[in-house]
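Remarks on the overall topology
Chain residues, written in single-letter form:
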Amino acid sequence: AVNDSEVTPFSVPSYACQRRSTLKNHNAVLTDSLSLLAENAELSDEDGRGVAFRRAAAVLKALPSAVTKMSQLKGLPCLGEHSLRVIKDILENGASSEVESTKESERFKALKVLTGIFGVGSKTADRWIREGIHNLQQLRDSGQTLNRAQQAGLEHYDDIKQPVSLAEAEAIRGIVGRAVASVSPEAQIVLTGGFRRGKLTGHDVDFLITHPEEGSEVGLMPKLVSWLESQGLLLYQKTTRNSYLEGSEGPGRPPSNIDRFERCLSIFKLSAGQTGRGVQSEETAASPSAAERRWRAVRVDLVVSPISQFAFALLGWTGSKLFERELRRWAGHEKGMSLSSHALYDNKQGRYIRASSEEEIFAHLGLEFIPPTERNA
Ligand code: TTP
Ligand code: MN
Ligand code: MN
Ligand code: MN
């Protein structure tokens, strides 16, 4: 047996954007538990606690082997007292009592179900729970007024909670590609989000669209959406126009974290024939089987960026969410810069720093380039 003094402690840099985080995870039991506590904190509007658990999980994801002893964690960053207690519980008892009781709590289960409806956030879910609504049937029976997004979300709940496969993402890539080509032949489209990071499934499919000639991207989104609608491909869509040059942001002002691109949050109607391997929705009492319907609903996000901001938009929409958060924290705390999905701003020099590739942005931030497949923090 190896005694404690022979256990080599792991070493990990403190910002997730300094690390290579692949999809390989040697500590899934620990990181699933910490992620569940993060999710519970986020759903309870405790974002600070949520981030702390996310950072702790990300450190464990980056380790080259499974943690077996608490002594191996000595000196690791981002592991707070609370996370360490959870880890210790799991290593010593096989499970964390806090994680198990959270998982079983009626409140957590209700928050998960209700926020699983597209268009429903934690505040709305919390209000409904206080009114005694804990599940979809109670929501349907309650007579609550639902907005258009929530109505679509409830209607397509079973499809949307079903993970999107890579084959389905590629099928949608083909459809959106044809749509873009027909409304703006020179425009370019890139798959972003989790699929760009090499994930084999996702909760949605994310696309970034740009045009090589600055300004020619203006008006592209409405044309694209009209084309898709005319083909009967959209079950729901809501387009938000570009507001980057309005309000507090725009040239001469440091960028905020919120991005203001023209975007379209949508639900696609994907036909079975379009993926070549049939729809993957499960048969339920509430909705007809996939075989009867021959299509499924898939969440799709479309974003249009001017070419001058494309590298920032690509970096910002590739994720993971924690990786993005850590990049901005690094920029602000270590470099005196503000990074957004639009720009990089040097606070001391009071000027924007141009970049036309992700590699240039990492270089300006003094970071080693991390490719998309290693941004799975
Ligand atoms: P998501 O699609 O939410 O996440 P994901 O693609 O990493 O994971 P999943 O497979 O579950 O879909 O977001 C993708 C990226 O887009 C994420 O890095 C953050 C960015 N993003 C914004 O910049 N602004 C937004 O309003 C949202 C929702 C996402
Ligand atoms: Mn690993
Ligand atoms: Mn996504
Ligand atoms: Mn998305």
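Whatever comes next refers back to the structure up there.
Residues numbered from 1 in each chain as written. Chains lettered and ligands numbered in written order. Predicted model: local features only at pLDDT ≥ 70, side-chain atom pairs only at ≥ 80, totals over all residues. Heavy atoms only, no water.

Here we look at the overall build of the protein
Filter applied, for reference: Runs of E in the DSSP output that reach at least two residues are strands. Runs of H or I that reach at least four are helices, and both are numbered from the N terminus. Here a residue-residue contact requires only that any non-hydrogen atoms of the pair lie within 4.5 Å.
Tallying secondary structure elements over the protein gives 17 helices and 10 strands in all. Pairs at least 24 residues apart make up 69% of the contacts formed inside the protein by residues separated by at least 6 positions.

Here we look at the packing of aromatic side chains
Definition in use: Each Phe, Tyr or Trp ring, with Trp reduced to its six-membered ring, pairs with another whose centre is within 6.5 Å; inter-plane angles below 30 degrees give stacked pairs, above 60 give edge-to-face pairs, and intermediate values give tilted ones. The classification of residues rests on relative accessible area computed with a 1.4 Å probe and restricted to protein chains. Under 20% of the type maximum is buried, over 50% is exposed, and intermediate values are partly exposed. Two limits define a charge over a ring: the Lys NZ or Arg CZ must be within 6 Å of the ring centre, and within 35 degrees of the ring normal.
Under the criterion given, the structure shown has 5 aromatic pairs. Consider the rings of Y15 and W330, whose centres lie 5.1 Å apart with planes at 90 degrees: the pair is edge-to-face. Of the two residues, Y15 sits in the segment before helix 1 (28–43) while W330 sits in helix 16 (residues 321–335), which places them 315 residues apart along the sequence. Of the residues examined, Y15 reaches a relative accessible area of 6% and is grouped as buried. Aromatic side chains Y345 and Y352 sit 4.9 Å apart centroid to centroid with 70 degrees between the ring planes, which places their arrangement in the edge-to-face category. By relative accessible area, Y345 is classed as buried at 9%. The ring of W295 is capped by K269, whose NZ or CZ atom sits 5.1 Å from the centre of that ring.

Here's the deal with helix 3 (residues 81–93)
Where we set the bar: Given a helix with a known number of residues, its expected span is that number minus one, times 1.5 Å.
If you check helix 3, its first and last C-alpha atoms are 18 Å apart, about what 13 residues at 1.5 Å a residue would give, namely 18 Å. Its buried side turned inward, helix 3 meets helix 1, helix 2 (47–61) and helix 4 (97–104). The first or second residue beyond helix 3 is G94, which carries a positive phi of 85 degrees.

Here we look at the coordination of the manganese ion (ligand 4)
Think of it this way: four donors in a tetrahedron around the metal ideally sit 109.5 degrees apart, and six in an octahedron ideally sit 90 or 180 degrees apart. Where we set the bar: A 2.8 Å cut-off from the metal defines N, O and S donors, relaxed to 3.2 Å for Na, K and Ca; water is not in the atom list, so some sites may appear incomplete.
Protein ligation of the manganese ion (ligand 4) involves D204 (OD), D206 (OD) and D301 (OD), the donor distances falling in the range 2.1 to 2.2 Å. D204 sits in the buried class, given a relative accessible area of 6%. On the basis of relative accessible area, D301 is assigned to the buried category, the value being 8%.

A short note on the site of ligand 1
Worth spelling out the cut-off: Definition of nearness: a residue and a molecule or strand are near each other if at least one heavy atom of the residue lies within 4 Å of the molecule or strand. Any pair of nitrogen or oxygen atoms within 3.5 Å is treated as a polar contact; in protein, a donor-acceptor pairing is required on top of that, and neighbouring residues in sequence qualify only through side-chain atoms on both sides. Residue-level accessible areas treat just the shown protein chains as cover; the underlying method is Shrake-Rupley with a 1.4 Å probe. Side-chain classes follow a simple rule in which Ala, Val, Leu, Ile, Met, Phe, Trp, Tyr, Cys and Pro form the nonpolar group, Asp, Glu, Lys and Arg form the charged group, and the remainder, Gly included, forms the polar group.
Around ligand 1 sit 16 residues, and of these G194, H203, D204, G319 and K321 come closest. Interatomic distance of 2.9 Å between a side-chain N/O atom of R263 and an oxygen atom of ligand 1. Here an oxygen atom of ligand 1 sits 3.1 Å away from a polar atom, N or O, in the main chain of G319. Starting from 590 Å² of accessible surface for ligand 1 in isolation, the protein chains cover 77%. Where the shell around ligand 1 is concerned, the elements lending two or more residues are helix 11 (193–196), helix 15 (310–318) and helix 16. Residue contributions to the shell around ligand 1 peak at 3 residues, all from helix 15. Class assignment of the residues belonging to the shell around ligand 1 gives a composition of 1 nonpolar, 7 polar and 8 charged.

Some details on the side chain of T31
Checked against the element boundaries, T31 lands in helix 1. Excluding residues within four positions of it along the chain, T31 makes contact with N25, A57, L60 and K61.

Let's talk about the pattern of salt bridges
Quick reminder of the rule: Here, a salt bridge means any Lys or Arg side-chain nitrogen found within 4 Å of an Asp or Glu carboxyl oxygen.
For the structure on display, the rule yields 20 salt bridges. Close ionic contact of E368 with R20 constitutes a salt bridge, the shortest N to O distance being 2.7 Å. Note that E368 is positioned in the segment after helix 17 (358–364) and R20 in the segment before helix 1, a separation of 348 residues in sequence. According to the relative accessible area criterion, E368 is exposed, its value standing at 57%. You can call R20 partly exposed: its relative accessible area is 39%. In this structure, R299 and D301 form a salt bridge, with 2.8 Å as the shortest nitrogen-oxygen distance.

Here's the deal with the state of the cysteines
Note the following rule: The rule for a disulfide is simple: a pair of cysteine sulfur atoms within 2.5 Å.
For the coordinates displayed, the defined rule picks out 0 disulfides. Free cysteine C17: the closest other cysteine sulfur is in C78, separated by 11 Å. Given a relative accessible area of 28%, C78 falls into the partly exposed group.

Quick notes on the sheet that holds strand 4 (residues 205–210)
Keep this limit in mind: At least two bridges found by DSSP between two strands is the condition for calling them paired. All axes are obtained by fitting lines to C-alpha atoms, using only the stretch in contact for helices, and the reported angles, taken between N-to-C directions, cover 0 to 180 degrees.
The mixed open sheet is built from 5 strands, whose spatial order is 2-4-7-6-5. Where the open sheet ends on each side, the last strands, each with one partner, are strand 2 (188–191) and strand 5 (234–240). When the angles between neighbouring strand axes are averaged without regard to direction, this sheet yields 25 degrees.

Focus on the sheet that holds strand 10 (residues 351–353)
Spatial strand order, 8-9-10: 3 strands in an open sheet with antiparallel pairing. Among the strands making up the open sheet, the edge pair consists of strand 8 (337–339) and strand 10. Strand-to-strand, the axes of this sheet are offset by a mean angle of 30 degrees, without reference to chain direction. Relative to strand 9 (residues 344–346), strand 8 is paired through 3 bridges, and the arrangement is antiparallel. When the bridges of strand 9 are listed, L339 appears paired with L344.

By themselves these figures say nothing about function.
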